[in-house]
Amino acid sequence: GQNIDQPTEMTATEGAIVQINCTYQTSGFNGLFWYQQHAGEAPTFLSYNVLDGLEEKGRFSSFLSRSKGYSYLLLKELQMKDSASYLCAVRYNTDKLIFGTGTRLQVFP
Amino acid sequence: DTAVSQTPKYLVTQMGNDKSIKCEQNLGHDTMYWYKQDSKKFLKIMFSYNNKELIINETVPNRFSPKSPDKAHLNLHINSLELGDSAVYFCASSPGGFTDTQYFGPGTRLTVL
């Protein structure tokens with residue numbers, strides 16, 4: 001079956017760097033998304049990786065290793081507004097998409 | 001301008017009732033979706049519509065039926081509501097196929113008493 005694993009919760013300090021990991025087991029892997037979801041709000045798109053390596057977008061970067069079935073989202077210069085859940089989603093078998101349960105990040109002053 | 005909108009935002013109802021949730025997108029996207037997010041925050045696709053054609057129907061009870069009057073609208077009708085239907089329901093759209101970047105609506109929190 002298809003499976004995505006993420007840590008349930010993480011905490012970090014304002015201004016710090018945090019790495020949120022995602023491991024997956026799917027057939028026919030075809031891309032990985034990261035979404036941010038603030039409490040009580042809708043998920044919003046952060047990044048997309050289909051090839052191995054690092055994709056940087058401002059304070060956020062996303063890394064993918066297809067051979068290891070592994071991705072991480074790196075958040076730099078953390079701000080209080082970064083407190084949210086971060087969802088990893090994997091595209092597989094061309095036309096399927098599965099979401100992980102998300103990692104709840106709390107940023108403290 | 002709201003890209004993907006849903007109504008109502010909150011819906012409280014009794015078991016056994018029938019209810020509908022409406023969704024509209026003004027992004028000109030070809031595909032629209034309904035997701036269910038349960039209390040454990042697990043986000044699961046329910047339906048997908050592309051040009052009025054249902055292209056994905058996950059293992060969802062047939063009490064749930066999507067209705068798309070046109071490309072910009074995808075409504076969700078639920079018959080004989082059950083306690084387990086309580087969740088947040090998100091509508092989403094994407095420019096092309098199912099696995100393009102999803103643009104989510106604000107969600108509808110359904111509580112079945």
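Bear in mind the structure is a predicted one, so any value in this text is a computation, not a measurement.

Conventions and cut-offs
- Residues numbered from 1 in each chain as written.
- Chains lettered and ligands numbered in written order.
- Predicted model: local features only at pLDDT ≥ 70, side-chain atom pairs only at ≥ 80, totals over all residues.
- Heavy atoms only, no water.
- Helix = DSSP H or I, 4+ residues; strand = E, 2+ residues; numbered from the N terminus.
- Rg over C-alpha atoms; globule rule 2.2 N^0.38 Å.
- Buried < 20%, exposed > 50% of the residue type's maximum accessible area, 1.4 Å probe, protein only.
- Contact = heavy atoms within 4.5 Å.
- Areas by Shrake-Rupley, 256 points an atom, 1.4 Å probe, with all protein chains shown as cover.
- Pairing = 2+ DSSP bridges.
- Axes fitted to C-alpha atoms, helices over the stretch in contact; angles between N-to-C directions.
- Polar contact = N/O pair within 3.5 Å; in protein donor to acceptor, adjacent residues only side chain to side chain.
- Buried area = accessible area lost by both parts, 1.4 Å probe.
- Salt bridge = Lys/Arg side-chain N within 4 Å of Asp/Glu carboxyl O.
- pLDDT = per-residue confidence, 0-100.
- Phe/Tyr/Trp six-rings, centres within 6.5 Å; stacked < 30°, edge-to-face > 60°.

Here we take up the overall build of chain A. Along its length, chain A carries zero helices and 11 strands. Counting helices and strands in the order they occur from the N terminus, chain A gives β-β-β-β-β-β-β-β-β-β-β. Against the compact-globule benchmark of 13 Å for 109 residues, chain A has a radius of gyration of 13 Å, which places it among compact chains. Over its C-alpha atoms, taken along the principal directions, chain A stretches across nearly 40 × 30 × 20 Å. In chain A, which comprises 109 residues, the proportion classed as buried is 47%. Counting only contacts in chain A whose residues sit at least 6 apart along the sequence, the fraction spanning at least 24 positions is 55%. Accessible surface, chain A as shown: approximately 5,200 Å² in total, 49% of it carbon and sulfur.

Glancing now at the sheet that holds strand β1 (residues 4-7) of chain B. All names here are of chain B. Pairing within the open sheet is antiparallel, and its four strands lie in the order β1-β3-β8-β7. Both outer strands of the open sheet, β1 and β7 (64-70), are each paired with one neighbouring strand and no more. Going across the sheet, the axis of each strand differs from the next one's by a mean of 20°, ignoring polarity. Two elements, strand β3 (residues 19-25) and strand β8 (residues 73-78), share four bridges in a ladder whose sense is antiparallel. Each bridged residue has a counterpart across the sheet, and for S20 the counterpart in β8 is H77.

All names here are of chain B. When you line up the elements, N75 lands in strand β8. One polar contact links the side chain of N75 to the main-chain amide nitrogen of C23, over a distance of 3.3 Å. Other than its neighbours up to four places away in sequence, N75 contacts I21, K22, C23, W34, S65, P66, K67 and P69.

Listed per partner, the contact involves 18 residues of chain B and 17 residues of chain A. Here chain B packs against chain A, burying approximately 1,400 Å² in sum over the two surfaces, 60% of which is carbon and sulfur. For the interface between chain B and chain A, the tally reads zero salt bridges. At the junction of chain B with chain A, the criterion picks out two residue pairs in polar contact (both at pLDDT 80 or more).

What follows deals with the pattern of salt bridges. Residue and element names in this part refer to chain A. For the structure on display, the rule yields seven salt bridges over all chains. Of the charged contacts, one joins E56 and K76 as a salt bridge, the two residues approaching to 3.8 Å between their closest N and O atoms. Highlighted residues: E56 in strand β6 (residues 53-57) and K76 in the loop between β8 (70-75) and β9 (84-92), separated in sequence by 20 residues. Judged by relative accessible area, which is 28%, K76 ranks as partly exposed.

By definition, the strands of a sheet pair up through backbone hydrogen bonds, in either a parallel or an antiparallel sense. Residue and element names in this part refer to chain A. The strand order across the open sheet formed by five strands is β1-β3-β8-β7-β6, and the pairing between neighbours is antiparallel. One side of each edge strand has no neighbouring strand; the edge strands of this open sheet are β1 (3-5) and β6. Neighbour to neighbour, the strand axes of the sheet diverge by 15° on average, direction disregarded.

Here chain A averages 93 in pLDDT, while 98% of its residues score no lower than 70. Across chain A, β8 of chain A holds the top mean pLDDT of 98, while strand β10 (residues 96-99) of chain A sits lowest at 83.

Moving on, we get to the packing of aromatic side chains. Under the criterion given, the structure shown has 16 aromatic pairs over all chains. Ring centres of Y35 of chain A and F45 of chain A lie 6.0 Å apart, and the angle between their planes is 75°; this geometry places the pair in the edge-to-face category. Note that Y35 of chain A is positioned in strand β4 (residues 29-37) and F45 of chain A in strand β5 (residues 44-49), a separation of 10 residues in sequence. According to the relative accessible area criterion, Y35 of chain A is buried, its value standing at 0%. Note on F45 of chain A: relative accessible area 29%, which makes it partly exposed. The interplanar angle of 45° and the centroid separation of 6.3 Å between the aromatic rings of Y33 of chain B and Y35 of chain B together place this pair among those described as tilted. By the ring-pair criterion, three or more aromatic residues cluster together here, those being F33, Y35, F45, Y48 and F99 of chain A together with Y33, Y35, F90 and F104 of chain B.

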